[in-house]
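A look at the structure
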Amino acid sequence: MREARIIAIGDNVVDKYLSRGKMYPGGQCVNTSVYAKMNGARTAYLGKFGDDAAARHNCQVLAELGVDFSHSRQFHGENGAARVTLRGSDRVFLGSNKGGVSKEHPYDFTGEDLDYIRGFDLIYTNTNSYILDDLPLLYETGVPIAFDFSAKWDDAMLEQICPYVTVALLSCSHMTQEERENEMKKAAQYGVKIVVGTVGENGSYVLSGGEFLYENVCWTDDAFDTMGAGDAYFSAFLTDLLKGDKGLDEPDPEEWKRRLQKAMRCGAEFSAKICCVEGAFGYGTAIVDG
């Protein structure tokens, strides 16, 4: 079985749990780089850090976990940060600084950056990463792009982004079955090979080759924090697919369906495990400002 190589390009934050007085490393791209590594991938993170306590904590944790962030940028100012609390086991967002320094500075990818990115099997990014204008350049590297739309998209966004994307994730728990299927089909019509539609506690769907597949959620009695559950699902799903000898290019339709179904199960199982961890993946420390 081959080693999956995934680079996450985009957001990093600390999640400040006001109910606990702790902050935890997070952000969908940081989460993805860590979760994919936990599932056996070689991972890296490329993003924008501030120079405050939040940035220092995130860098320290990534270094400890062995996630390469050597091509990231650092700027003077606030790192991305979100304020959250818990209601039961559900995390509730109370607000954020919209990415801090990341919204103020472009990536300005260099030739060295692009050569580095070409060493990976997959680029992961999302709607929170201030990266939409860079997608054509990243697409030109020839590395497939996985894009997480979360629950925030419209027809214009799908038309803009999907032509550059190989795998798309749509969070559809707020939709009817008909609405979910229509939105997943739209993404596929714009050229996305694999469209994932998650529906929270009702499981997940994948649309590929014109066929929908379904996988149930995995339940655990020990869940107490749903932070990162969707990122955990997508990370494990992607890592399992990339471990196959043929990666994302499986020519046998029946074998491809089998591999997709297996990846969906891996995603559901890993997501359940992450719901038993404080924050996105632990490593909490006392909330510090500045």
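Further up the page is the structure itself.
A short tour of the structure in this document, coming up. Throughout, residues of each chain are indexed from 1 in the direction in which the sequence is written. In keeping with the model being predicted, local features are shown solely for residues with a pLDDT of at least 70 and side-chain atom pairs are shown and tallied solely at 80 or more, while totals for entire chains, interfaces and linings include all residues. In computing side-chain properties, one takes all heavy atoms of the structure into account and sets aside hydrogens as well as water.

Digging into the nonpolar core
The condition that has to hold: Definition of nonpolar core: a set of buried residues of the types Ala, Val, Leu, Ile, Met, Phe, Trp, Tyr and Cys, connected through side-chain atoms within 4.5 Å. Only protein chains enter the accessibility calculation, which uses a 1.4 Å probe; a residue whose area is less than 20% of its type maximum is buried, one above 50% is exposed, and one in between is partly exposed. The secondary structure listing takes helices from DSSP runs of H or I that are at least 4 residues long and strands from runs of E that are at least 2 residues long, numbered from the N terminus. Contact definition: two residues touch when any of their heavy atoms are within 4.5 Å.
If you look at the biggest cluster of nonpolar residues, it comprises 46 residues, and the most contacted ones within it are Ile194, Phe234 and Phe237. The dominant element in this core, judged by the number of residues it contributes, is helix H7 (residues 229–243), at eight residues. Those residues in contact with Phe234, other than ones at most four positions away along the chain, are Tyr124, Ala146, Phe147, Asp148, Val167, Ala168, Leu169 and Val196. Membership of the second largest hydrophobic core comes to 31 residues, among which are Leu46, Phe109, Ile161 and Leu207.

Section: the pattern of salt bridges
Where side chains of opposite charge bring their charged atoms close, a pairing between them can arise. Test applied: Salt-bridge detection follows one rule: a side-chain nitrogen of Lys or Arg within 4 Å of a carboxyl oxygen of Asp or Glu.
One pass over the full model with this rule turns up 15 salt bridges. Of the charged contacts, one joins Arg20 and Asp225 as a salt bridge, the two residues approaching to 3.4 Å between their closest N and O atoms. Of this pair, Arg20 sits in the loop between strand S2 (13–17) and strand S3 (22–26) while Asp225 sits in the loop between strand S13 (211–215) and H7, and the two are 205 residues apart along the sequence. On the basis of relative accessibility, which here comes to 26%, the residue Arg20 falls in the partly exposed class. Judged by relative accessible area, which is 0%, Asp225 ranks as buried. Close ionic contact of Glu183 with Lys186 constitutes a salt bridge, the shortest N to O distance being 2.8 Å. Here the residue Glu183 and the residue Lys186 both occupy positions in helix H6 (residues 177–189), the gap between them amounting to three residues, near one helical turn. On the basis of relative accessible area, Lys186 is assigned to the partly exposed category, the value being 24%.

Observations regarding the sheet that holds strand S1 (residues 5–10)
Going by this rule: Strand pairing follows a simple DSSP-based rule, namely that at least 2 bridges must link the two strands. In this analysis an axis means a line fitted to C-alpha atoms, helices contributing only their contacting stretch, and an angle means the value between N-to-C directions, from 0 to 180 degrees.
Taken in spatial order, the nine strands line up as S5-S4-S1-S8-S9-S10-S11-S12-S13 in an open sheet, and their pairing is mixed. Only two strands of the sheet have a single neighbouring strand rather than two, namely strand S5 (73–74) and S13. Pairing between strand S8 (residues 122–126) and strand S9 (residues 145–148): four bridges, direction parallel. Residue pairing across strands places Asn126 opposite Asp148, the latter belonging to S9. Against the sheet, H6 makes contact with strand S10 (167–171), strand S11 (194–198), strand S12 (204–208) and S13, and its axis sits at roughly 35° relative to S12, the strand it touches most.

Focus: the pairing of strand S4 (residues 42–49)
Residues in a regular strand project their side chains so that they alternate between the two faces of the sheet. Counting buried residues along S4, seven of its eight residues qualify, which places the element largely inside the surrounding structure. Taken together, the six bridges between S1 and S4 define a ladder with parallel strand orientation. Looking at S4, one finds that Ile9 is bridged to Leu46. As paired strands, S4 and S5 are joined by two bridges and run parallel to one another. What sits directly across from Lys48, in S5, is Arg73.

Description of the sheet that holds S2
Here five strands make up an open sheet; going across it, the order is S7-S6-S2-S3-S14 and the pairing mixed. Looking at which strands have only one partner, the edges of the open sheet turn out to be strand S7 (90–96) and strand S14 (285–286). Sheet analysis places S2 next to S3, joined by five bridges and oriented antiparallel. Pairing of Val13 across the sheet is with Gly26, part of S3. Contacts from helix H2 (residues 53–65) reach S2, S3 and S14 within the one sheet, and its direction differs from that of S3 by about 55°.

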